[in-house]
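Coordinate analysis (summary)
Chain residues, written in single-letter form:
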Amino acid sequence: MNAPDSAGTLAAPPAVRINRDRYQAARLAMARAFMTYPLMRYAAPDESRRLLANQCLYGSMLSDALKHGEVYSTADVRGACCWLPPQQAHITVLRQVLAGMLALPLRYGLRGFNRLVDYDNVAREMHHQHAAGPHWYVAAIGVAPEFQGQGLCRRFFQPVLDRADAAGQACYLDTHDDKNVAIYQRCGFEVVDQRTPKGHPVPVWAMLRRPR
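Residues numbered from 1 in each chain as written. Predicted model: local features only at pLDDT ≥ 70, side-chain atom pairs only at ≥ 80, totals over all residues. Heavy atoms only, no water.

Things to note about the side chain of Q169
- As for its placement among the helices and strands, Q169 is situated in the loop between α6 (152-167) and β6 (170-175).
- A distance of 3.2 Å separates polar atoms of two side chains, one belonging to Q169 and the other to W136.
- Ignoring sequence-local partners within four residues, the contact set of Q169 consists of P86, P134, W136, A164 and P211. (Helix = DSSP H or I, 4+ residues; strand = E, 2+ residues; numbered from the N terminus. Polar contact = N/O pair within 3.5 Å; in protein donor to acceptor, adjacent residues only side chain to side chain. Contact = heavy atoms within 4.5 Å.)

Here is the structure:
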C-alpha cells in the first residue's frame, strides 16, 4: 500500500535509514500521507476516525520493517519507505500479529477491517504470482502532505534499488491509486497486473522493477 509524493521541482533532502527512535514521527507522517489514499478512504469513510486507524495500520507496517527489513526517511522524518529484503519479503500472519495488527478491527471497524482483508488477500495472490524469485518488497511508502512534490519517493527508493541492481534482484510493490502508477514508472517499475476484488470499487496495481 503506497502513497508517495508527486513529481516536483524542489530539491529533495537525502534519504537516511531510520531506527526505532524515529518510529513515532514516521508513524504519524505515514498516517497523514494516506489520509486521501483511495483504499483508506474506502476502509474508513469517517475522516475523523481515519487518522488513528491509519496510525495503527502503518505503525504495524513500520514495526515489521524495522525488525525484518529497512526503513528510509529524511532526517526530519517527512515520510517513510518500508523495504523488506528477499528472505523476508512475504509477511506471514504471525508477523502481522506480532506487529500489532490485531487492533485493526477496533480502529477501522468490522466493515472496514473486512474490506482491508479482502484487499490483502488479492494483494498476496498477486505478490506470489508476479514476484516468485528473490526480490525486495516495498511494504509501504508515504510522504506527509506538506512535503509532497519534492521527489522524496525516488530518494526513499534509491538506496535499495542500487543494491538490488548490483545483486541482480527485482523489486516489487502494489498500489491502490492510479496517480501513483506514473510516479513508480519513472522509478523503473512496470505494471504487471491490475485487479479489483469482487464486490469492491478500488483497483490494485501490481508493479515490478527488474534489475538494471
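Structure shown, so let's carry the discussion forward.
A short note on the confidence of the model for the chain
- For the chain, mean pLDDT is 95; residues scoring 70 or higher make up 95% of the total.
- Note on residues 5-9: pLDDT is under 50 here. Beyond four places in sequence and across chains, it has 16 contacts. (pLDDT = per-residue confidence, 0-100.)

Quick notes on the nonpolar core
- By size, the foremost hydrophobic cluster in this structure holds 42 residues, and its most contacted members are M30, M40, L57, Y58, L62 and Y108.
- When residues of this core are traced back to their parent elements, those giving at least two are α1 (23-33), α2 (38-43), α3 (47-68), β4 (79-84), α5 (104-130), β5 (135-143), β6 and β8 (204-209).
- If you tally residues by element for this core, the top one is α3, at seven residues.
- Once residues within four sequence positions are removed from consideration, M30 is found in contact with Y58, L62, A80, C82, A140, I141 and G142. (Core = buried A, V, L, I, M, F, W, Y, C linked by side-chain atoms within 4.5 Å. Buried < 20%, exposed > 50% of the residue type's maximum accessible area, 1.4 Å probe, protein only.)

As for the pattern of salt bridges
- Overall, the coordinates contain eleven salt bridges when judged by the stated rule.
- Between D120 and R124 there is a salt bridge, and its shortest N-O distance comes to 2.9 Å. Of this pair, D120 and R124 both sit in helix α5, four residues apart, which is roughly one turn of that helix.
- One salt bridge connects D193 with R195, and the closest N-O pair in it is separated by 2.8 Å. (Salt bridge = Lys/Arg side-chain N within 4 Å of Asp/Glu carboxyl O.)

Observations concerning helix α7 (residues 178-186)
- Buried within α7 we find N180, V181, I183 and Y184.
- For α7, the capping residue at the N-terminal end is D177, with a side-chain oxygen 3.1 Å from the backbone nitrogen of K179.
- Once α7 finishes, G188 follows within two positions and takes phi at roughly 100°, a positive value.

Quick notes on α6
- For α6, with 16 residues, the first-to-last C-alpha span of 24 Å sits near the 22 Å given by 1.5 Å per residue.
- Largest kink in α6: about 45°, centred on Q158, with the proline P159 one to four residues after it.
- All of the buried residues in α6 are L152, C153, F156, F157, V160, L161, A164 and D165.
- Looking at the packing, one finds that the buried side of α6 touches β3 (70-73), β4, β5, β6, α7 and β8.
- With its phi angle positive at about 70°, G168 sits one or two positions after the end of α6. (Expected span 1.5 Å × (residues − 1). Bend = angle between axes of the 7 residues up to and from the residue.)

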